Amino acid sequence: MVWTPRRRPPPSPLVPAWTLPLQAAPVPGGARRRRRAGGHVTPGGGAEAGAGAAAGSAMSLRERSPSGAGEAGENAAAEAAAASPAEPDGPGRCLSLLPWDRFSAWLHCVCVVGFDLELGQAVEVIYPLHSKLTDKEKTNICYLSFPDSNSGCLGDTQFCFRFRRSTGRKVSFCCFLDQLDRDLPVYLKKDPAYYYGYVYFRQVRDKSLKRGYFQKSLVLISKLPYVHLFRTMLKQIAPEYFEKSEAFLEAVCSDVDRWPPPIPGKILHLPIMGIIMKLRIPTYRDKPGTTPIVQNMHQADAQISMALPTVHEVDLFRCFCPVFFHIQMLWELVLLGEPLVVMAPSPSESSETVLALVSCISPLKYCSDFRPYFTIHDSEFKEYTTRTQAPPSVILGVTNPFFAKTLQHWPHIIRIGDIKLPGVYTSYKPYLNKDEEIVKQLQKGVQQKRPTEAQSVILRRYFLELTESFIIPLERYVASLMPLQKCISPWKSPPQLRQFSQDDFMKTLEKAGPQLTSGLKGDWIGLYRHFLKSPNFDGWFRSRQKEMTQKLEALHLEALCNENLVFWSQKHTEVETVDLVLKLKNKLLQADREHLPVKTDTLKKLQMHINDIILALPDDLQDILLKTGTT
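A brief look at the structure comes next. (Residues numbered from 1 in each chain as written. Predicted model: local features only at pLDDT ≥ 70, side-chain atom pairs only at ≥ 80, totals over all residues. Heavy atoms only, no water.)

Points about the pairing of strand S6 (residues 194-205)
- The buried count for S6 comes to 10 of 12 residues, which makes it a mostly enclosed element.
- Alignment of S6 against strand S7 (residues 213-222), held across 10 bridges, turns out to be antiparallel. Bridged to Val 199 within S7 is Val 219. (Buried < 20%, exposed > 50% of the residue type's maximum accessible area, 1.4 Å probe, protein only. Helix = DSSP H or I, 4+ residues; strand = E, 2+ residues; numbered from the N terminus. Pairing = 2+ DSSP bridges.)

Remarks on unusual backbone geometry
- In this chain, Tyr 127 is followed by Pro 128 through a cis amide linkage whose omega measures 0 degrees.
- As for its placement among the helices and strands, Pro 128 is situated in the loop between strand S4 (120-127) and helix H4 (135-144).
- At the junction of Ser 362 and Pro 363, the peptide bond is cis and its omega measures out at 15 degrees in the coordinates.
- Mapped onto the elements of the fold, Pro 363 is located in the loop between helix H10 (347-359) and strand S12 (369-371).
- Unusually for a residue other than glycine, Lys 449 sits at a positive phi of about 55 degrees.
- Taking the relative accessible area as the measure of exposure, Lys 449 reaches 74% and is therefore exposed.
- Positioned with a positive phi, His 595 is a non-glycine residue whose angle comes to about 50 degrees.
- When you line up the elements, His 595 lands in the loop between helix H19 (574-593) and helix H20 (600-615).

A word on helix H6 (residues 227-244)
- A rise of 1.5 Å per residue sets the reference length of H6, with its 18 residues, at 26 Å; its end C-alpha atoms lie 25 Å apart and thus fit the reference within 8%.
- Listed in full, the buried residues belonging to H6 are Val 227, Leu 229, Phe 230, Thr 232, Met 233, Leu 234, Ile 237, Ala 238, Tyr 241 and Phe 242.
- Positive backbone phi, at 65 degrees, marks Ser 245, one or two positions downstream of H6. (Expected span 1.5 Å × (residues − 1).)

Considering the sheet that holds strand S14 (residues 412-415)
- Reading across from one edge, S12-S13-S11-S14-S15 is the order of the five strands in this open sheet, with mixed pairing throughout. Edge strands, defined here as strands with exactly one partner in the open sheet, are S12 and strand S15 (423-426). Adjacent strand axes in the sheet meet at a mean angle of 15 degrees when their direction is disregarded.
- One ladder, built from three bridges, connects strand S11 (residues 340-343) with S14; its direction is parallel. (Axes fitted to C-alpha atoms, helices over the stretch in contact; angles between N-to-C directions.)

Structural notes on the environment of Ser 493
- Within the secondary structure layout, Ser 493 lies in the loop between helix H14 (452-479) and helix H15 (502-512).
- As a C-alpha pair, Ser 493 and His 556 span 63 residues in sequence and 8.0 Å in three-dimensional space.

Structure below.
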């Protein structure tokens, strides 16, 4: 039986017999244990032990020992560092990884979507078994995992899609993994409202089937936008999966559950079915435009390894090649959050082009919605194609010819793949004069048969310099809204940021505008005025506001630490002293909860101040305050 998107009560998903979870058995001594698919028994907060039910087979789940798999030791320090330093039980709780916690750090689940002659597209398998997907999410996955029938994708096709998570769902993530997100560049941070789907679709002729074709997709569902990583992973596992079926899938998921956490800035070794992928996830501290080289390694055990040059980047030049005469205008349209639709012959072309567009304003984050592959069955189809209101700020990738009519009212349409029709269809007039130099440089590269990787590097650097020239004046002005450090008093609340004034900002452009770093001429003022009304400015400014507010809170904490708080408490009443202790405890909790940029020594010093104040109080108050937490 399969789950189908038809309007009928969904039957149970296909569950291979060997993956049925075992019933929990009583554990001597009252110790709490949990069982997992495949027969693993795991203490409620310790390392996994025991072998799977199919331990003798290469397809069984791997046995883990208390000392951990190969990568456990090298990540222990990083995991401990990511745990809360201000909370005594933080590290213990964070490092008590349960079965599938490591898997969940990278993937939500793995789905197999097949085609049934009577039911249509259907989710056949969801693994691990405990993974939760709502009916709406399953429906979206069903339709988004197959190319449109007109695409004619014979053989193997890879692409990705993005869809909304159902509202009201709990976000379950181990605390230290949540904290890893703060070290990522803003454009790689997870969006809790969306999932990505990474697809490997196979369609081959098969006379034994009524339809005459074998059609199936292996789909990785993840919160992470690591397009290149998951594309590489699928390329390794999908062909073998189609030959070996579900038993192989269990072994793949077991491998992922042995991966180290996705720690930014660290060289990670990810084993997957006999191959080790070596990669590095960027951090916000990396200089934009630089990619630290990950060297191939020589394994003593003769395991094949591959070094991934990136986890998230697409082949920029290949994506923009059909329209590279218009790249500067496309950069403006994406920067301003204008509605864009990419019409392509296949989901692989549409999805890569949409991802290339979103990345062209990096290191700025594209803050509107984008759908690398969008179909008429999508749950937001009506919302995004209605004619009763202006098109929303969104980038859509489509392949169905039906959209040529449905979205003909959209102001900006990119057509690729059709030799007669490729181009950008728009009445938009760019604010900046065209940069002929980059076009000549890319054309020369084509004539000289320069590798596409080198062309992509040139194009990525061009977009980066253009974006930085645009954003530096805004960064400089926003930094001036920060109060002076001398205005921060330990005995007053932290001062507020000054308000952003569009007029004041515009006045700074005459002497400190983009002309300092860019030779491009044009209506920069008009471009800024338009940008200040866009979702991208709103998202960028909110992020900067949060960073600066946290910096003020951190400076306020440091100011408190530099005061003689014990001396102050001796000059004030017990009521005032108790009030101070409670406020200081709340400050510590805030620093932990909001990940304030405070040195560990500062937090320790403040805790010592609190302890010294409490010890100077009467015994009855000491008992109360030592037991009192923070709110």
